[in-house]
Amino acid sequence: MEPLQSHRVEMLSIAVALVAVGAGTAYYFYLQRKPKGPQGPKGCLDPDNFKEFLLVKRTQLSHNVAKFRFALPTPSSVLGLPIGQHMSCRGKDSVGEEVIKPYTPTTLDSDVGYFELVIKMYPQGRMSHHFREMREGEYLAVKGPKGRFKYQPGQVRAFGMIAGGTGITPMFQVARAILENPHDKTKILLIYANVAYEDILLKKELDHFAQSFPDQFHIYYVLNQPPEIWDGGVGFVSKEMIQTHCPAPASDIQILMCGPPPMNKAMAGHLDGLGYTPEMRFKF
């Protein structure tokens, strides 16, 4: 081969190699930037900064409980709150001082365009004052998501849930996510304690779960001051109630707890006595 022709062949080979390397590099960066899997709508929450959401509907459920519906930026927006997590809400108490308190919505990301909070307003509650005074057309400052609980469908065979008062909201959110997923067969055994019958939050929805999913969802109500005709538990949640109405200790179950601090402390003692290890329980 003539020297000139040989030089041309050599230069052509180098050019082809460079093109191949360049194409490979470009394809690599394309893969790096390409979305991995289907992408759902981006959530509206910010974990570092408060964002304001408009109150579009307030529904009084009882003398001290109301449901607040807040609009998201567009009709197709989702809140972006993982199952079992909560968000911080900011308001002002009766003397105008800032107060921040965690709340769990009763809605899921399948509810697009809005989210809802069911709030019990206590007479001396600082954040309760803010919600008691809040009217449609006003804004609520929210930041999140927050929380250590991360739920994946089928991660346990069964959940035992022990809730007191407003502690029902994270339980309701988890239960609803499970029951609305036809592929999730996780069983839910819930003990829900309150002082009086009128204090029971979301009772209509919880009873609907029990009627619609009798093989998957069971609820046992406990009242400290029950009405004359009452077929649920009476007094405080006892060790015997947990033994009867929650799944027995096992590596594939978990007990979820959410209630006032004295109740949580008492439940921890009961669970210790019944043989539930720390890995088998979670406190919201």
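All values derive from a computational prediction rather than experimental measurement.

Student: Just to check I follow, could you spell out empty space enclosed by the protein for this structure?
Tutor: Sizing a probe to match a water molecule and rolling it over the atoms shows the empty space that remains. What the rule picks out here adds up to one cavity of 30 Å³ or more. Volume-wise, the largest cavity comes out at about 40 Å³. In this structure, the largest cavity is lined by Leu79, Leu81, Pro105, Thr107, Leu108, Asp109, Asp111, Tyr114, Phe115 and Gln173. Of the residues belonging to the lining of the largest cavity, the class tally is six nonpolar, two polar and two charged.

Student: What is the right way to look at the sheet that holds strand β6 (residues 139-146) in this model?
Tutor: What holds strands together in a sheet is hydrogen bonding between their backbones, with the strands either parallel or antiparallel. The sheet built from six strands is open, its strands ordered β4-β3-β6-β1-β2-β5 with antiparallel pairing. Taken across any chain shown, the strands that pair with only one partner, and hence form the sheet edges, are β4 (98-103) and β5 (114-120). Strand after strand, the sheet turns through a mean of 40° between neighbouring axes, direction not considered. Bridge count between strand β2 (residues 65-71) and β5: seven bridges; the pairing is antiparallel. Across the sheet, Val65 pairs through a bridge with Lys120, a residue of β5.

Student: Honestly, unusual backbone geometry in this entry has me stumped. Any pointers?
Tutor: With an omega dihedral of 0°, the bond running from Gly144 to Pro145 counts as a cis peptide bond. Examined against the element boundaries, Pro145 turns out to sit in strand β6. In this structure, Leu202 is a non-glycine residue whose phi angle is positive, near 60°. Within the secondary structure, Leu202 sits in the loop between β8 (187-196) and α4 (203-212).

Reading the values: the criteria
- Residues numbered from 1 in each chain as written.
- Predicted model: local features only at pLDDT ≥ 70, side-chain atom pairs only at ≥ 80, totals over all residues.
- Heavy atoms only, no water.
- 1 Å grid on protein atoms, 1.4 Å probe; cavity = no way out; pocket = protein on both sides within 12 Å on 5 of 7 lines; lining within 4 Å.
- Points joined across faces, edges and corners; volume = space filled by probe spheres on them.
- Nonpolar A, V, L, I, M, F, W, Y, C, P; charged D, E, K, R; others polar.
- Pairing = 2+ DSSP bridges.
- Helix = DSSP H or I, 4+ residues; strand = E, 2+ residues; numbered from the N terminus.
- Axes fitted to C-alpha atoms, helices over the stretch in contact; angles between N-to-C directions.

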